[in-house]
Amino acid sequence: MDWTKTNKPHGAILCAMLMVLTALSALTACSVSYSFNGASIDYTKTKTIQIADFPIRSSYVWGPMASIFNNQLKDQYANHTKLTQVKRNGDLKVEGEITRYEQRNKAVSSEGYSAMTELSMTVNVRFTNNVNHAEDFERQFTATASYETTQSLNAVQEELVTQMVKDITDQIFNATVANW
């Protein structure tokens, strides 16, 4: 049996299949990709942002919560926009207060005891856009996190507050400058 004569049709088919696969992979590799930081700001008109410290107005308080929140909120805008943070007369102004911080039972075990506890945090935000007042708003943003009741709140509080603060600052950022 002459190996080269009997496999020529298979070689042609194999070559054609490779060409088709190469063309398909080139098509699938060509995709449109948008790369942006999440902010939709016209920097020709909006150059500054004023972010006030948010005090705690909740009846239940954890001391470090306000500084964790205020630092994360300012970092969010510093890291994801080209806006200059100012103390007064910003083109954008973000202010408000932490209005609620509480925990409640989320799940009960088969023995009738609390199995999961939910921690929640609510922040009231007043946003002023001095370039376009149609975008001004006052709104509340809430985040929750759960932990097993076998753990003490002191053991998990910093981690859970940090998670909730990240969630709330993302919500605020999206509502104010990402137009989502």
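Predicted model only: the values in this text are computed from it and were never measured.

Novice: Would you mind going over the side chain of Thr48 in detail, with residue names and values included?
Specialist: Locating Thr48 in the fold gives a position in strand 1 (residues 48–51). Looking at Thr48, its side chain comes within polar contact range of the main-chain nitrogen of Asp91, at 2.8 Å. In contact with Thr48, not counting residues within four places along its chain, are Leu83, Thr84, Val86, Asn89, Gly90, Asp91 and Leu92.

Novice: Would you mind going over the sheet that holds strand 1 in detail, with residue names and values included?
Specialist: The strand order across the open sheet formed by 5 strands is 2-1-3-4-5, and the pairing between neighbours is mixed. In the strand order of this sheet, the two ends are held by strand 2 (84–85) and strand 5 (137–148), each with one partner. Judged from the 3 bridges that link them, strand 1 and strand 3 (residues 92–108) form a sheet pairing that is parallel. The residue of strand 3 that forms the bridge with Gln50 is Lys93. Across the face of the sheet, helix 3 (residues 65–80) comes into contact with strand 1, strand 2, strand 3 and strand 4 (114–129) while running at roughly 125 degrees to strand 3.

Novice: I'd like to hear about the confidence of the model for the protein, residue by residue, with values.
Specialist: Across the protein, pLDDT averages 84, with 78% of residues at or above 70. Low pLDDT (under 50) marks residues 23–37, which in the prediction has 4 contacts with non-local residues, meaning those over four places away or in another chain.

Novice: Which residues make up the packing of helix 3 against helix 4 (residues 153–178), and what values go with them?
Specialist: Helices that pack against each other are described as a pair by the angle of their axes relative to one another and the distance between those axes. Two numbers describe how helix 3 lies on helix 4: the axes approach to 9 Å, and their chain directions differ by 40 degrees. Looking at the two axes, helix 3 sits oblique to helix 4. In this structure, helix 3 meets helix 4 at a crossing whose hand is right-handed. Contacts between helix 3 and helix 4 pair Met65, Ile68, Phe69, Gln72, Leu73, Gln76, Tyr77 and His80 from the former with Val161, Thr162, Val165, Lys166, Ile168, Thr169, Asp170, Ile172, Phe173, Thr176 and Val177 from the latter. In the contact of helix 3 with helix 4, the residues fall into 11 nonpolar, 6 polar and 2 charged.

Novice: How would you summarise unusual backbone geometry if you had to cite specific residues and measurements?
Specialist: Notably, Asn89 is not glycine yet its phi reads approximately 55 degrees, a positive angle. Here Asn89 is to be found in the loop between strand 2 and strand 3. Judged by relative accessible area, Asn89 falls into the exposed class, the value being 71%.

Novice: Give me the environment of Ser59: which residues, what numbers.
Specialist: Within the secondary structure, Ser59 sits in the loop between strand 1 and helix 3. Ser59 sits 41 residues away from Arg100 along the chain, and the two C-alpha atoms are 7.4 Å apart.

Novice: Would you mind going over the pairing of strand 4 in detail, with residue names and values included?
Specialist: The sheet contact formed by strand 3 and strand 4 spans 15 bridges and is antiparallel. Each residue of the ladder has a partner; that of Arg104, found in strand 4, is Glu118. Pairing of strand 4 with strand 5 involves 12 bridges; the strand directions are antiparallel. Note on strand 5: the bridge partner recorded for Arg126 is Glu138.

Novice: Pulling in residues and values, what's your account of the pattern of salt bridges?
Specialist: Applying the stated criterion across every chain, the model contains 8 salt bridges. Among the salt bridges present, the one from Glu95 reaches Lys93, with a minimum N-O distance of 3.8 Å. Given the relative accessible area of 22%, Glu95 is considered partly exposed. Between Glu118 and Arg104 there is a salt bridge, with its nearest N and O atoms 2.4 Å apart. Taken together, the positions of Glu118 in strand 4 and Arg104 in strand 3 put the pair 14 residues apart, joining distant regions of the chain. For Glu118, a relative accessible area of 11% gives the class buried. In this structure Arg104 comes out as partly exposed when scored by relative accessible area, which is 44%. Three or more residues joined by partner-sharing salt bridges are found here, namely Glu97, Arg126 and Glu138.

About the thresholds
- Throughout this document, residue positions are counted from 1 along each chain, in the order its sequence is written.
- For a predicted model such as this one, the threshold for reporting local features is a pLDDT of at least 70, and the threshold for listing and counting side-chain atom pairs is 80 or more; totals across whole chains, interfaces and linings nevertheless cover every residue.
- Hydrogens and water are ignored here; the side-chain numbers use all heavy atoms of the structure.
- Counting from the N terminus, the helices are DSSP H or I runs at least four residues long and the strands are E runs at least two residues long.
- Distance and chemistry together define a polar contact, namely a pair of N or O atoms within 3.5 Å, with one atom able to donate a hydrogen and the other to accept it when in protein, and with adjacent residues in sequence counting only for side-chain atoms on both sides.
- Contacts: residue pairs with any heavy atoms within 4.5 Å of one another.
- Two strands make a pair as long as DSSP finds a minimum of two bridges between them.
- Simply put, an axis is a line fit to the C-alpha atoms, just over the touching stretch for a helix, and the angle between two N-to-C directions goes from 0 to 180 degrees.
- For every residue, the pLDDT score states the predictor's confidence, bounded by 0 at the bottom and 100 at the top.
- Any angle that falls under 35 degrees is termed roughly parallel, while one over 145 is termed roughly antiparallel, one within 65 to 115 roughly perpendicular, and all others oblique.
- Take the far helix as the reference: if the near one is turned anticlockwise from it by less than a right angle, the crossing is left-handed, and if turned clockwise, right-handed.
- When residues are sorted by character, Ala, Val, Leu, Ile, Met, Phe, Trp, Tyr, Cys and Pro go into the nonpolar class, Asp, Glu, Lys and Arg into the charged class, and all the rest, Gly among them, into the polar class.
- Residue exposure (1.4 Å probe, protein chains only): buried if accessible area is under 20% of the type maximum, exposed if over 50%, otherwise partly exposed.
- Salt bridge, as used here: a side-chain nitrogen of Lys or Arg that lies within 4 Å of a carboxyl oxygen of Asp or Glu.

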